Amino acid sequence: MDKEKNTELQPYKKGMLAVRDSARKLPDSMSDLVCRKLIRAACEYRKRAYTPYSGFQVGAALLTAQNEIIGGCNIENAAYTPTNCAERTAFFKAVSEGKKDFLAIAIVGGKEEKTEEYCAPCGVCRQVMAEFCDPATFLVILARSEEDYMVYTLEELLPFSFSGKNLQ
């Protein structure tokens, strides 16, 4: 009996991007140094999170094509529905400032100040990313620390995304 091909996403290791079947090099624009800088920024924005109800604090650092970092944190509301995730905060802030070309986002989160698990973006945030980014090239960095992170393309996290092309 043939062994099934391992199609699980594998974590980032030494300059490699997590992919289903094999590792490939990170793009030149996304060196380990750039990833760590984004993670550091996401950690700083996480400290600004307003989470009086869940205590789950998330920070995001969005890298523009002009190498600017736009940060965001999650902002809760007692009614829950108006709560905004860190990733969407960063995107909406960037777009409101005239930025619409993005390369990557780093996300750090967890209960209070603990960072024990990787914090992946929710489905709504993934869809917002797909509105403004090329899913095949936009990178999503999920981090527990500057030394412990995984990198995925948006397409890996949101296959078959819905976009403006679907409305044409």
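Conventions we followed
- Residues numbered from 1 in each chain as written.
- Predicted model: local features only at pLDDT ≥ 70, side-chain atom pairs only at ≥ 80, totals over all residues.
- Heavy atoms only, no water.
- Salt bridge = Lys/Arg side-chain N within 4 Å of Asp/Glu carboxyl O.
- Helix = DSSP H or I, 4+ residues; strand = E, 2+ residues; numbered from the N terminus.
- Buried < 20%, exposed > 50% of the residue type's maximum accessible area, 1.4 Å probe, protein only.
- Contact = heavy atoms within 4.5 Å.
- Pairing = 2+ DSSP bridges.
- Right-handed = clockwise from strand over helix to strand, strands pointing away.
- Phe/Tyr/Trp six-rings, centres within 6.5 Å; stacked < 30°, edge-to-face > 60°.
- Lys NZ or Arg CZ within 6 Å of the ring centre and 35° of its normal.
- pLDDT = per-residue confidence, 0-100.

### Describing the pattern of salt bridges
For the structure on display, the rule yields six salt bridges. Note that R36 is salt-bridged to D32, the shortest N-O span being 2.7 Å. Placement of both R36 and D32 in helix α1 (residues 32–46) is noted, with a separation of four residues, approximately one turn of the helix. Residue classification places R36 among the partly exposed residues on the basis of a relative accessible area of 24%. Across the pair E44 and K47 runs a salt bridge whose closest N-O atoms are separated by 2.9 Å. The exposure class of E44 is partly exposed, given its relative accessible area of 42%.

### Notes on the environment of G71
Tracing the sequence through the fold places G71 in strand β4 (residues 69–73). On the basis of relative accessibility, which here comes to 2%, the residue G71 falls in the buried class. With sequence-adjacent residues up to four places away left out, G71 is seen in contact with Y45, A60, A61, A90 and K93.

### Observations regarding the pairing of strand β6 (residues 139–143)
The buried fraction of β6 amounts to five of the five residues, a majority that puts the element mostly inside the structure. Neither face of β6 is left uncovered, since the one carrying L139, I141 and A143 and the one carrying V140 and L142 both have all their residues buried. Where strand β5 (residues 102–111) and β6 come together, five bridges link them in parallel fashion. Its bridge partner lying in β6, V108 is registered against A143. In this view, the connection linking β5 to its parallel neighbour β6 by way of helix α3 (residues 123–132) has right-handed handedness. Here β6 pairs with strand β7 (residues 149–153) via five bridges, running antiparallel. Its bridge partner being in β7, V140 is matched across the sheet by Y152. Linking β6 back to β7 in an antiparallel pair, the connection comprises five residues.

### With respect to the pairing of β5
Within β5, eight of the ten residues are buried, which leaves it mostly tucked inside the rest of the structure. Here nine bridges tie strand β3 (residues 56–64) to β5, and the two strands are oriented antiparallel to one another. Within β5, the residue paired with Q57 across the bridge is G110.

### Details of the environment of E68
Structurally, E68 can be placed in the loop between β3 and β4. When the C-alpha atoms of E68 and A94 are compared, they prove to be 9.7 Å apart, with 26 residues separating the residues in sequence. Discounting chain neighbours no more than four positions away, the residues touching E68 are L62, L63 and K99.

### Quick notes on helix α2 (residues 86–96)
Among all positions in α2, only A86, E87, R88, T89, A90, F91 and A94 are buried. Where α2 is buried, its residues touch β3, β4, β5 and α3. G98 lies just past α2 and shows a positive phi near 90°.

### Describing the packing of aromatic side chains
Evaluated as defined, the whole model comprises four aromatic pairs. Against the face of Y118 rests R144, its NZ or CZ located 4.3 Å from the ring centre.

### Some remarks on the confidence of the model for the protein
The pLDDT averaged across the protein works out to 87; a share of 84% of its residues lies at or above 70. This model gives residues 1–16 a pLDDT under 50, and the stretch forms 29 contacts once residues within four places in sequence are excluded. Segment residues 18–23 is flagged for pLDDT under 50; beyond a separation of four residues in sequence, or across chains, it makes 21 contacts in the model.

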